[in-house]
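Chain residues, written in single-letter form:
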Amino acid sequence: MAPETQVFTVERKIGEPVFRFETGRLAQQADGAVLAQVGETTVLVAATASRGAREGVDFFPLTVDVEERMYAAGKIPGGFFRREGRPTERAILTARLIDRPLRPCFPDGFRNEVHVVATVMTVDQANLPDVVAINGASAALMLSGIPFDGPVGAVRLAHIEGRWVPNPTFQEIENATFEIVVVGRRNEDGGAGILMVEAGATEIALDLVEAGAPEMTEELVAEGLEEAKTWILEAIAHQEELVAQAGRRTPTKAWVIAPPYDSVLSDMVSSNAADRIVALISEADKQAREIGLDELSAEVVAGLEAEFPDRAREIDGVFRKLVKALVRERIVNDGKRIDGRGLRDIRPISCEVGILPRLHGTGLFNRGQTQVLSTVTLGMLRMEQMLDDLGVAESKRYMHHYNFPPFSTGETGFMRGPKRREIGHGALAERALLPVVPSEMDFPYALRVVSEVLSSNGSTSMASVCGSTLALMDAGVPIKGPVAGIAMGLIAEQGQFVTLTDILGAEDAFGDMDFKVAGTKTMVTALQLDTKISGIPSEVLAAALQQARDARLSILGKITETLAAPRSELSPTAPRIVAFTIPVDKIGEVIGPKGKRINEIIATTGVEIDIEDDGTVRIGSKEGGSADEARRRIEELANPRMPQIGERFNGIVVKTAPFGAFVSLTPTKDGLVHISKLGGNIRLRRVEDVINQGDALEVEVTDIDPMGKISLVPVELPPRVAELPADYAQGEPRDRGGDRGGRGGDRGRGGPRGPRREGGRDRERAPRSEGE
């Protein structure tokens, strides 16, 4: 029997919703565990550390997993096994959202493995689980006794009708122009310092702006970041209240924190290598620079190994630390960057489109040594991605995938599916472009964009945004405006904050901030911020946003120089899709018994047809003529009209009878050409002597009786009339009995009806034709 433990619960209203934390009842063997709840959305977060250091690593081994349980939403998982498998994309993105602000809060040199597991237990389809999971993870770490410099607080803000709403519901976000998740911790002065930002415009943002909503400018985003600090402090206070009640756990494990590097060793490495490092970090070419630094490091290690035996790894670590310090010093003091650029300079940019045959759209974007090729594939809406996760959306029609092969950095490695970083970068690019993708009704296609990173030296996610804009326009997708992205960096030294435009990979590694901003000429569409420090002043972030805007506008100029607007027509290899609606009560009429009518249209026109329950019809074909013909036939089935007297039709003979031929005028209407009209002056013995089922015949409507029966005459006699032999008229008279076919009319009433028998003769129900 498990020992009794005390259960502690605290609640706090943060915005409109009430957040609830509980500890002591569940997961008692974890170092720290919190059941975090908002509304009826509940996440169990457990934090556990290993008993000793992980051997042979020079980094902090933190792992964050998010486990989505489908029972949380009352669902049974899809697939053959009917149980959860690999994490969904949503779970991976939430895990990254938790990991990014937690990682900077552990001490330098900490080498114990730490595992944070967030299990989504219930969802109410109103409150999102990610923000409560971040706060719950921080609270669990605070309770665990693991060395964690927290707590961190998280809040989601949505810009709705001109104001920032904290912790909105799914339903409220549907009416927002912009949503933003901000995570931070308390500074020494009692304020909040920002650690992470994840933000983006909504799918309908530009539509709302056109309707009068304010554009999401850099000033408005900066206002949102400042607003978030109030709610971050509330989230932190909530966690501190829980820790004050439950107490922090006394560690039973040995925390291993690597000591700082030996000062004597550091001095010797500096005296041996500093001048040559300064020369090497001025090399603009990435591979030449890295090869030179690797060779110099090996030389320094070899020179000091005799004096410092068995410390080769430490010597290399000291060398790398010195490289970082010299790079930062050169930027702050001299305003010079690794490749010689100024602080605001962008690397040389080139753009190309249409470089690969047969693809629906391609865009190649080069920025310095970063190169991304983006491709666009268009398909029927039934090709949209079905989502089997805990979110509200069940599918998405715009998909953006990002691939980062090892050769892009000149390295070897395994390629076994997308890693978490690739999924995260693809999601960021997708978020940046989603607001400009045309609506389903305006552009009834499923869209897949794939960004292939072919060469990487910093900011490949933003290069993916630029390459994908080019590819979409090259494919003829009518996007609402081109989008570009830029990555900003920051060096903070002794109270100075130096912001860098278009950072290299090394500047990302050596710097204190990675700030990615994407948007159109007038609006920010996506934002991602990660910092290694807290307490960045608001004015510094606001200035970085404006600096990013200047760079974004410059890149947009390069993009529009290559392709000013989307092409006026789709690629010849792209499918043609037509969308329209029919009355719901006519869907069965269009489909026909056992799908006969719709299958006939598909077979004769070669198109693909999707009909939804609301009457929306989508037709896809390789070329426009087939789609137009299929649409015409479907609309005739859904909205049949009565032919008019004098109207002509290019019909098909659908049936022959002793007294004439039935000709199809519309999908639901037939008419009768009497046998006396088919031979001109020649009295025919049999209809089949001049025409057969399946033959084409142009006809004119001559009469429509009160019952809707249609009489026709041929515009020109069938060609076989002229081929009849001279003595044809002296042959046996035609048989007046036999098949009781009808005169034509509405096929929906059970097909043709036969003639009425009177006085031993066949007589038409309509007035007798001339010549009888």
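Per chain, residue numbering runs from 1 following the sequence as it is written. Note on the predicted model: pLDDT of at least 70 is required for a residue's local features to be given, and 80 or more for side-chain atom pairs to be given and counted; whole-chain, interface and lining totals, by contrast, use all residues. Excluding hydrogens and water, the side-chain figures rest on all heavy atoms present in the structure.

Considerations on the overall build of the protein
If you tally the helices and strands in the protein, you get 16 helices and 32 strands. Here the C-alpha radius of gyration of the protein, 36 Å, is well above what a compact globule of 772 residues would show, namely 28 Å. Over its C-alpha atoms, taken along the principal directions, the protein stretches across nearly 125 × 65 × 50 Å. Buried, partly exposed and exposed residues are distinguished by accessible area as a fraction of the type maximum, computed with a 1.4 Å probe on protein chains only: under 20%, between the cut-offs, and over 50%, respectively. Here the protein holds 772 residues, and the buried ones make up 50% of them. Long-range pairs, those at least 24 residues apart, make up 70% of the contacts in the protein with a sequence separation of at least 6. Helix numbering and strand numbering both begin at the N terminus, where a helix is a DSSP run of H or I of at least 4 residues and a strand a DSSP run of E of at least 2. Here the globule rule is a power law, 2.2 Å times the number of residues to the power 0.38, and the radius of gyration is based on C-alpha atoms. We call two residues in contact whenever any of their non-hydrogen atoms come within 4.5 Å of each other.

Some details on the sheet that holds strand 16 (residues 398–403)
Strand order in the open sheet made by the five strands is 11-12-13-17-16, with mixed pairing throughout. Each edge of the sheet is formed by a strand with only one pairing partner; in this case those strands are strand 11 (349–353) and strand 16. Across the sheet, the mean angle separating the axes of adjacent strands is 15° when strand polarity is ignored. DSSP bridges decide pairing: two strands pair if at least two such bridges lie between them. Examined bridge by bridge, strand 13 (residues 370–379) and strand 17 (residues 446–455) share nine bridges and lie antiparallel to one another. By the bridge assignment for strand 17, Val372 is matched with Val453. The strands that helix 10 (residues 460–474) touches are strand 11, strand 12 (361–367), strand 13, strand 16 and strand 17; relative to strand 12, the one it contacts most, it runs at about 145°. Lines are fitted to the C-alpha atoms to define the axes, a helix being fitted only along its stretch in contact, and any angle between axes, read from their N-to-C directions, falls within 0 to 180 degrees.

Quick word on the state of the cysteines
In plain terms, two cysteine sulfur atoms within 2.5 Å form what is called a disulfide here. Taken as a whole, this structure holds zero disulfides when the rule is applied. Summary of cysteine pairing: Cys351 is not part of a disulfide, and the nearest cysteine sulfur, belonging to Cys466, is at 7.4 Å. Note on Cys351: relative accessible area 15%, which makes it buried.

Considerations on the packing of helix 6 (residues 263–280) against helix 7 (residues 286–304)
Packing of helix 6 against helix 7 leaves a shortest axis separation of 11 Å and a crossing angle of 155°. If you check the angle between helix 6 and helix 7, you find them roughly antiparallel. The handedness of the crossing between helix 6 and helix 7 is right-handed. In contact with Leu265, Met268, Val269, Asn272, Ala273, Arg276, Ile277 and Leu280 of helix 6, helix 7 contributes Arg289, Gly292, Leu293, Leu296, Glu299, Val300 and Leu304. Each residue is assigned to one class: nonpolar for Ala, Val, Leu, Ile, Met, Phe, Trp, Tyr, Cys and Pro, charged for Asp, Glu, Lys and Arg, and polar for all the others, Gly among them. Tallied by class, residues from the contact of helix 6 with helix 7 come to ten nonpolar, two polar and three charged. Angular relationships are summarised with four words: roughly parallel below 35 degrees, roughly antiparallel beyond 145, roughly perpendicular across 65 to 115, and oblique for the angles in between. Left-handed is the label given to a crossing in which the near helix is rotated counterclockwise from the far helix by less than a right angle, and right-handed is the label when the rotation is clockwise.

Points about the pairing of strand 21 (residues 524–531)
Where burial is concerned, most of strand 21 is hidden: eight out of the eight residues are buried. Two strands pair when backbone bridges link them, and strand 10 (residues 192–201) and strand 21 are joined in this way by five bridges, in the antiparallel orientation. Each bridged residue has a counterpart across the sheet, and for Glu198 the counterpart in strand 21 is Gln528. Sheet topology places strand 20 (residues 513–519) next to strand 21; seven bridges connect them, and they run antiparallel. In the strand pairing of strand 21, Ala518 is matched with Ala526. With antiparallel pairing between neighbouring strands as the criterion, strand 20 and strand 21 make up a hairpin whose turn holds four residues.

What about the packing of aromatic side chains?
Centre distance and the angle of the planes are the two values used to describe a pair of aromatic rings. Note on aromatic pairs: the rings of Phe, Tyr and Trp (six-membered ring only in Trp) are paired at centre separations within 6.5 Å, and the planes decide the class, stacked below 30 degrees, edge-to-face beyond 60, tilted for the rest. Tallying each qualifying case throughout the model produces ten aromatic pairs. Their ring planes at 90° and their centres at 5.4 Å tell us that Phe80 and Phe81 sit as a pair that is edge-to-face. Residues Phe80 and Phe81 agree in their burial class; the two are exposed. Judged by centre distance (6.5 Å) and plane angle (85°), the ring pair of Trp164 and Phe178 falls under edge-to-face. One end of the pair, Trp164, is in strand 8 (residues 163–166); the other, Phe178, is in strand 9 (residues 178–186), and 14 residues separate them in sequence. Looking at Phe178, the relative accessible area reads 0%, which means it is buried. An aromatic cluster is present here, built from Phe60, Phe106, Phe110, Phe148 and Trp255 joined pairwise through their rings. Counted as over-ring charges are cases with an Arg CZ or a Lys NZ within 6 Å of the ring centre that also lie within 35 degrees of the ring normal. Positioned over the ring face of Phe414 is Arg416, at 4.3 Å from the centre of the ring. Its guanidinium or amino end placed over the ring of Phe404, Arg421 lies 4.3 Å from that ring's centre, counting from NZ or CZ.

Side note on the side chain of Lys229
Inspection of the secondary structure assignment puts Lys229 in helix 5 (residues 218–246). Look at Lys229 and you get buried, because its relative accessible area is 13%.

Some thoughts on the sheet that holds strand 20
One open sheet holds the eight strands; their spatial order is 8-7-9-10-21-20-18-19, and the pairing between them is antiparallel. If you trace the sheet from one side to the other, it starts and ends with strand 8 and strand 19 (496–501), each paired once. For this sheet, the mean angle separating the axes of adjacent strands, direction not counted, is 25°. Set on the sheet, helix 8 (residues 312–334) makes contact with strand 18 (484–493) and strand 19; between it and strand 18 the angle comes to about 95°.

Quick notes on a nonpolar patch on the surface
Judged by side-chain polarity, Ile355, Leu356 and Leu359 come together as a nonpolar surface patch covering roughly 220 Å² of accessible area. Position of Leu359 among the secondary structure elements: in the loop between strand 11 and strand 12. Candidates for patches are residues over 30% relative accessible area with no salt bridge; among them, like charges are joined within 9 Å and nonpolar side chains (Val, Leu, Ile, Met, Phe, Trp, Tyr) within 5 Å. Working definition of accessibility: Shrake-Rupley area with a 1.4 Å probe, residue cover restricted to the visible protein chains. We count a salt bridge whenever a side-chain nitrogen from Lys or Arg sits within 4 Å of a carboxyl oxygen from Asp or Glu.

Quick notes on the pattern of salt bridges
Evaluation of the coordinates by the stated rule reveals 50 salt bridges. With its nearest N and O atoms 3.4 Å apart, the salt bridge here joins Asp389 to Arg90. Taken as a pair, Asp389 in the loop between strand 14 (385–386) and strand 15 (395–396) and Arg90 in helix 1 (residues 89–102) lie far apart in primary sequence, 299 residues in all. Residue classification places Arg90 among the partly exposed residues on the basis of a relative accessible area of 31%.

What to know about the side chain of Thr362
Position of Thr362 relative to the elements: it lies in strand 12. A polar contact of 3.1 Å, which involves the side chain of Thr362, links it to the backbone nitrogen of Gly354. Whenever two N or O atoms come within 3.5 Å, that pair is a polar contact, provided that in protein one can donate a hydrogen and the other can accept it, and provided that, for residues adjacent in sequence, both atoms are side-chain atoms. Engagement of the side chain of Thr362 in a polar contact is seen with the backbone nitrogen of Ile355, the distance being 3.1 Å. Contact partners of Thr362, with chain neighbours within four places excluded, come to Glu352, Val353, Gly354, Ile355, Leu356, Ser374, Thr375, Leu470, Ala471 and Asp474.

Some remarks on the nonpolar core
Ranked by size, the top nonpolar core spans 134 residues in total, and within it Phe106, Val114 and Phe515 carry the most contacts. Every residue in contact with Phe106, bar those within four places of it in the chain, is listed here: Phe60, Leu62, Val114, Leu141, Ile146, Pro147 and Phe148. What is meant by a nonpolar core is a set of buried Ala, Val, Leu, Ile, Met, Phe, Trp, Tyr and Cys residues, joined one to another through side-chain atoms within 4.5 Å.

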